[in-house]
Amino acid sequence: MKRRHSILLTIVALLLVVPLILMMWPQGPLDLSKDEEPFKSMVLPPKSVSGITYMDHGSAAMHLIDKSGIEYHITFPIDYDGILDSYPKAYYGEINDPKMALLKDPARAKAIVVRLLRDHGNEDQDNSRDRVLRALTHRTIPFRVRRIFD
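Residues numbered from 1 in each chain as written. Predicted model: local features only at pLDDT ≥ 70, side-chain atom pairs only at ≥ 80, totals over all residues. Heavy atoms only, no water.

Colleague: Tell me about the sheet that holds strand E2 (residues 60-65), residues and numbers included.
Modeller: One open sheet accounts for five strands, arranged E1-E2-E3-E4-E5; its pairing is antiparallel. Both outer strands of the open sheet, strand E1 (48-53) and strand E5 (101-102), are each paired with one neighbouring strand and no more. In this sheet, E5 lies alongside strand E4 (residues 91-92) in antiparallel orientation, the contact comprising two bridges. In the strand pairing of E5, Tyr-91 is matched with Leu-102. The strands touched by helix H3 (residues 127-137) are E1, E2 and strand E3 (71-76); relative to E1, the strand with the most contacts, the crossing angle is about 70°. (Pairing = 2+ DSSP bridges. Helix = DSSP H or I, 4+ residues; strand = E, 2+ residues; numbered from the N terminus. Contact = heavy atoms within 4.5 Å. Axes fitted to C-alpha atoms, helices over the stretch in contact; angles between N-to-C directions.)

In structure tokens, the structure reads:
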């Protein structure tokens, strides 16, 4: 009976410890070779990565200068009516640029931007980095919906 109890306790401990180890395991290098432009053209590691928040109550962006000195802006305009996803679209370019190009896979663009901000963003000097990370990784209630409940 004691042997069965210790085996069961070992299995439960492994079921708790293994997922924690896997969550803390460092991720491999970011491979952008199969992604759409502009990600495919980025030369990593970047010189600088910073988050940008706009005064329209929610739009967010990432500004990146890659290893070769080329600047990239990836912008996520807020969708005030998007209950499930406040950022359903992603663009290559600045928010006021009329030549801003719509990216085909906004979910992948979010994942790449989050990873670049986490891995290469300067958390000590860039408060916007944390705001952009929070905006892109958490489900948020859009500003207009929040005003109803306030």
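Colleague: Break down the confidence of the model for the protein chain for me, citing the residues and quoting the values.
Modeller: When pLDDT is averaged across the protein chain, the result is 83; 84% of the residues are at 70 or more. Ranking the elements of the protein chain by mean pLDDT puts helix H4 (residues 143-149) last, at 52, and E4 first, at 96. (pLDDT = per-residue confidence, 0-100.)

Colleague: Give me the side chain of Asp-35: which residues, what numbers.
Modeller: Tracing the chain through its elements places Asp-35 in the loop between helix H1 (2-24) and E1. Judged by its relative accessible area of 12%, Asp-35 is buried. A polar atom in the side chain of Asp-35 sits 2.8 Å from the side chain of Arg-108. Among all residues touching Asp-35, those that are not within four sequence positions of it are Lys-40, Arg-108 and Ile-112. (Buried < 20%, exposed > 50% of the residue type's maximum accessible area, 1.4 Å probe, protein only. Polar contact = N/O pair within 3.5 Å; in protein donor to acceptor, adjacent residues only side chain to side chain.)

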